[in-house]
Amino acid sequence: MKDDCIFCKIAKGQIPSATIYEDRHFRVMMDINPATKGHCLIIPKEHFDNIYDLDGETAGRLFSLATCIARALRDALGCEGLNIVQNNGEIAGQTVFHFHLHLIPRYKGDDVKVAWVPHESDPDQLEEIRKAIKAAI
Ligand code: 5GP
Ligand code: ZN
């Protein structure tokens, strides 16, 4: 528990939230400023700043829970698609520095933008990058 972390307080129930699901490890709640109908967040009860801090066991449990919530969103809301978004670092759009997974139901004509510009790749550069990442695993 990090004293100045709002999601720690929400996760532990010290600040109320619109909770969909809760267990020993996680709370799933409605995002307070939803991108679309049903936008929700999965937050671990333990504090992790971001994905770099997350342990494998929590990550496994988290994604297993995400599959369950995804099906519930589809069945309850009839969304036509779903984006899973997880931001790490300010430059990537992270505003709350307690790890969280966004589940954003998608509907025809919604105004969500999850996009990037694809660039052409240079095969030599790609190979160099591939090797560097592989060596770091
Ligand atoms: P990030 O930009 O860090 O990936 O996402 C933070 C998300 O948390 C935003 O979508 C924002 O609307 C949501 N959020 C921020 N404060 C609260 C809060 O107090 N309660 C809830 N339910 N969501 C929050
Ligand atoms: Zn926290």
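First, a word on what this report is: a plain description of the structure on this page. A quick note: this is a predicted structure, and the numbers were derived from the prediction, not measured. Along each chain, numbering runs from 1 in the same order as the chain's sequence is written. Chain labels run from A onward and ligand labels from 1 onward, assigned in the order the entries are written. Only residues with pLDDT of at least 70 get local features here, since the model is predicted, and only at 80 or more are side-chain atom pairs given and counted; chain-wide, interface and lining totals rely on the full set of residues. With hydrogens and water set aside, each side-chain value is computed from the structure's full complement of heavy atoms.

### Some details on the nonpolar core
Definition in use: Here the nonpolar core consists of buried residues drawn from Ala, Val, Leu, Ile, Met, Phe, Trp, Tyr and Cys, with membership extended through side-chain atoms lying within 4.5 Å. For every residue, the accessible area obtained with a 1.4 Å probe (protein chains only) is divided by the maximum for its type, and the residue is called buried under 20%, exposed over 50%, and partly exposed between those limits. The helix count covers DSSP runs of H or I at least four residues long, the strand count covers runs of E at least two residues long, and both are numbered beginning at the N terminus. Any pair of residues with heavy atoms lying within 4.5 Å of one another is described as a contacting pair.
I42, I69 and L103 are the most contacted members of the largest nonpolar core, which totals 15 residues. Broken down by element, the residue count for this core peaks at six residues, all from helix 2 (residues 56–77). Excluding anything up to four places from it in sequence, L103 contacts G38, H39, C40, I42, A66, I69, A70, L73, L82, N83 and I84. With nine residues, the next largest nonpolar core counts M29, L41, I43 and V96 among its residues.

### Details of the environment of K134
Relative to the elements of secondary structure, K134 occurs in helix 3 (residues 123–136). K134 sits in the exposed class, given a relative accessible area of 56%. Between the C-alpha atoms of K134 and V112, which are 22 residues apart in sequence, the distance is 33 Å.

### Here we look at the coordination of the zinc ion (ligand 2)
Selection criterion: Only nitrogen, oxygen and sulfur atoms count as donors, using a 2.8 Å cut-off from the metal that widens to 3.2 Å for Na, K and Ca. Water is left out, so coordination shells may look unfilled. In short, tetrahedral needs four donors with all angles between 85 and 135 degrees, square planar needs four and octahedral six donors with opposite donors over 155 degrees apart and all other angles between 65 and 115, and whatever is left is irregular.
Taken together, the protein donors to the zinc ion (ligand 2) comprise C5 (SG), C8 (SG), H47 (ND1) and H98 (ND1), at separations of 2.0 to 2.3 Å. Seen from the zinc ion (ligand 2), its four donor atoms lie at angles of 106 to 115°, and the figure they make is tetrahedral. The sequence pattern describing where the donors of the zinc ion (ligand 2) fall on their chain is C-x2-C-x38-H-x50-H. Each member of the pair, C5 as well as C8, carries the same accessibility label: buried.

### Some remarks on the sheet that holds strand 1 (residues 19–22)
Cut-off, in case you're wondering: One bridge is not enough; two strands pair if DSSP finds at least two bridges between them. The axes are straight lines fitted to the C-alpha atoms, using for helices just the contacting stretch, and the angles between their N-to-C directions are given from 0 to 180°.
Taken in spatial order, the five strands of this open sheet run 1-2-3-5-4, and their pairing is antiparallel. Edge positions in the sheet fall to strand 1 and strand 4 (81–85), since each has one partner strand and no second. Each strand of the sheet is rotated relative to its neighbour by a mean of 15°, with strand direction disregarded. Contacting strand 1, strand 2 (26–30), strand 3 (40–44), strand 4 and strand 5 (101–106), helix 2 crosses the sheet at an angle of about 20° to strand 5.

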